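Next come the chains, spelled out residue by residue.
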Amino acid sequence: MTVETHISTLQRRHDELDAAIEAAARDHGVDDLEIQAMKKEKLHLKDEIARLQATVE
């Protein structure tokens, strides 16, 4: 897997999490801790994407 492919995969997962977080926020039955965990994972993905992009440039 190339770095670009890995970045693309991470970006897709980041976008999926973003949509899941928005849906969970609208669903009042979802626990705030679950949303917080998704946000932490999303941030981790963002940091990993930035790190990988820095190595490509």
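Located above this text is the structure these notes cover.
Below is a short write-up of the structure. Everything quoted here is computed from the prediction, not taken from an experiment.

Across its full length, the chain holds two helices and zero strands. A globule of 57 residues ought to have a C-alpha radius of gyration of about 10 Å, yet the chain, at 13 Å, is considerably larger. Expressed as lengths along the three principal axes of its C-alpha atoms, the size of the chain is roughly 40 × 15 × 15 Å. A buried classification covers 21% of the 57 residues belonging to the chain.

The nonpolar side chains of soluble globular proteins are, as a tendency, buried together. Ile7, Leu10, Leu17, Ile21, Ala24, Val30, Ile35, Met38, Leu45, Ile49 and Leu52 together form the largest nonpolar core, which totals eleven residues. Counting residues per element, the ones that place at least two in this core are α1 (3-26) and α2 (32-56). In contact with Leu45, other than residues within four places in its own chain, are Leu10, Arg13, His14 and Leu17.

Here His14 shows up in helix α1. Under the relative-accessibility criterion, His14 is labelled buried at 14%.

Further remarks concern the pattern of salt bridges. All chains considered together, the criterion is met by four salt bridges. Between Asp18 and Lys42 there is a salt bridge, with its nearest N and O atoms 2.8 Å apart. Of the two residues, Asp18 sits in helix α1 while Lys42 sits in helix α2, which places them 24 residues apart along the sequence. Via salt bridges that share partners, Arg13, Glu16 and Glu41 belong to a single interconnected network.

Conventions adopted
- Residues numbered from 1 in each chain as written.
- Predicted model: local features only at pLDDT ≥ 70, side-chain atom pairs only at ≥ 80, totals over all residues.
- Heavy atoms only, no water.
- Helix = DSSP H or I, 4+ residues; strand = E, 2+ residues; numbered from the N terminus.
- Rg over C-alpha atoms; globule rule 2.2 N^0.38 Å.
- Buried < 20%, exposed > 50% of the residue type's maximum accessible area, 1.4 Å probe, protein only.
- Core = buried A, V, L, I, M, F, W, Y, C linked by side-chain atoms within 4.5 Å.
- Contact = heavy atoms within 4.5 Å.
- Salt bridge = Lys/Arg side-chain N within 4 Å of Asp/Glu carboxyl O.

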